[in-house]
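# Summary of the model geometry
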Amino acid sequence: MGSFLKKSAGFFSFFIISAGFFISCSQATADIKTGEMSVIFEYQDEESLPSARLCLFIESESDTRRSEELLLSSPKEGFEWSSRDLIHIKSGDRSWSGYTNFVMQRDQHFPCDSYSLVLRNADENQALQKLDFSYDEDFYELKACEAEEKMKEAEADKKIAIYDEKGILLYYDIQTDNLNSVRKMWNMFSNASYYNIVWQAKDKTVLCIMPKRLVIPDEN
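Everything numeric in this text was worked out from a predicted model, so none of it was measured.

### Regarding the overall build of the protein
Broken down by element type, the protein carries 4 helices and 13 strands. When contacts within the protein are restricted to residue pairs at least 6 apart in sequence, those whose partners lie at least 24 apart make up 63%. Accessible area of the protein: about 11,400 Å², with a carbon and sulfur share of 45%.

Now the structure itself:
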């Protein structure tokens, strides 16, 4: 798995769009080295405005198996979130804990703010860090084609996520020439059922998941 992670551009976006990944490790104390946040805009169709969720991953100096709870707050607006349903990742000597589905109440935007991050482990030890986060809030008001055009103009990274009929991720990476049609996708992944085009801003603060498309090869 480690080699795949190194080959895939956009490390955390793999976990954002997949069902999740867990590696058991050990940890004695809670600590935070860095934090990385992204707002994910997901489009169900071409006409609707997107749903939005916030993804947060915290890198620790130590391993992450005993990281039990992640708390996030926006002092500016008074919003608070928490989750115990964490994803734990280890690659080489680096470890992360994170959550990919923090949400706001309807019609509200995630604020641009200096967020407080708290990572708490099973022994109730915890670490605190501040993270300044800002992003382009225009995407809340953009339909799929408009968001795609905006990403193209910004020279964002374009990737493709291909799934089987059970929703298991088969491929996530750059859309190469051998995957630029449904026939080619089907030739490479005969059990493919659908795919999404995924755009990621250069600074990784915004990720757009385009509407689902079925992998149905034509007769030719």
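### A few points about helix H3 (residues 144–153)
Among the residues of H3, those classed as buried are Ala-144, Ala-147 and Met-151. Across the axial projection of H3, the buried residues extend over an arc of 65°, all falling on one side. Check the buried side of H3 and you find it contacts strand E11 (192–200) and strand E12 (206–209). Within two residues after H3, Glu-155 carries a phi angle of roughly 55°, on the positive side.

### A word on the confidence of the model for the protein
Summary statistics for the protein give a mean pLDDT of 85 and a share of 83% for residues scoring 70 or more. Below pLDDT 50 for its whole length, residues 1–11 participates in 19 contacts with residues either more than four positions away or in separate chains. Every residue in residues 19–28 is under pLDDT 50, and counting partners more than four places away or in other chains gives 25 contacts.

### A word on the sheet that holds strand E7 (residues 113–121)
Strands pair in a sheet through their backbones, by hydrogen bonds, and they do so in one of two ways: parallel or antiparallel. The strand order E4-E3-E7-E8 describes an open sheet built from 4 strands, whose pairing is antiparallel. Looking at the sheet topology across the chains shown, the edges are occupied by strand E4 (79–83) and strand E8 (126–133). The average angle at which neighbouring strand axes cross in this sheet is 20°, direction not considered. Direction of pairing for strand E3 (residues 67–74) relative to E4: antiparallel, over a ladder of 5 bridges. Following the sheet pairing, Leu-71 is matched in E4 by Ser-82.

### Focus: the environment of Leu-128
Position of Leu-128 relative to the elements: it lies in strand E8. Classification of Leu-128 by relative accessible area gives exposed; the value is 59%. Sequence spacing of Leu-128 and Leu-72 is 56 residues, and the spatial spacing of their C-alpha atoms is 9.9 Å. Once residues lying within four places of it in the same chain are set aside, the contact partners of Leu-128 are Ile-32, Ser-116, Leu-117 and Val-118.

### Considerations on the pairing of E7
Burial analysis of E7 places 7 of its 9 residues in the buried class, the great majority of the element. In the sheet, E3 pairs with E7 via 6 bridges, with the strands oriented antiparallel. Across the sheet, Ser-67 pairs through a bridge with Asn-121, a residue of E7. For E7 and E8, the ladder comprises 8 bridges, and the chain directions are antiparallel. The partner of Leu-117 across the bridge, within E8, is Gln-129. The hairpin turn running from E7 into E8, its antiparallel successor, is 4 residues long, and Glu-124 in that turn takes a positive phi close to 70°.

### Overview of the environment of Glu-155
Here Glu-155 shows up in the loop between H3 and strand E9 (157–164). Separated by 44 residues in the primary sequence, Glu-155 and Trp-199 place their C-alpha atoms 9.7 Å from one another.

### What to know about the pairing of E12
Judged by which residues are buried, E12 turns out to be covered on both faces: Val-206 and Cys-208 on one side and Leu-207 and Ile-209 on the other are all buried. As paired strands, strand E1 (residues 34–42) and E12 are joined by 4 bridges and run parallel to one another. Each residue of the ladder has a partner; that of Glu-42, found in E12, is Ile-209. Pairing of E11 with E12 involves 3 bridges; the strand directions are antiparallel. Counterpart to Gln-200 in the pairing with E12 is Leu-207. With antiparallel pairing between neighbouring strands as the criterion, E11 and E12 make up a hairpin whose turn holds 5 residues, including Lys-204 at a positive phi of roughly 65°.

Rules of the game
- Residues numbered from 1 in each chain as written.
- Predicted model: local features only at pLDDT ≥ 70, side-chain atom pairs only at ≥ 80, totals over all residues.
- Heavy atoms only, no water.
- Helix = DSSP H or I, 4+ residues; strand = E, 2+ residues; numbered from the N terminus.
- Contact = heavy atoms within 4.5 Å.
- Areas by Shrake-Rupley, 256 points an atom, 1.4 Å probe, with all protein chains shown as cover.
- Buried < 20%, exposed > 50% of the residue type's maximum accessible area, 1.4 Å probe, protein only.
- Arc of directions from axis to C-beta.
- pLDDT = per-residue confidence, 0-100.
- Pairing = 2+ DSSP bridges.
- Axes fitted to C-alpha atoms, helices over the stretch in contact; angles between N-to-C directions.

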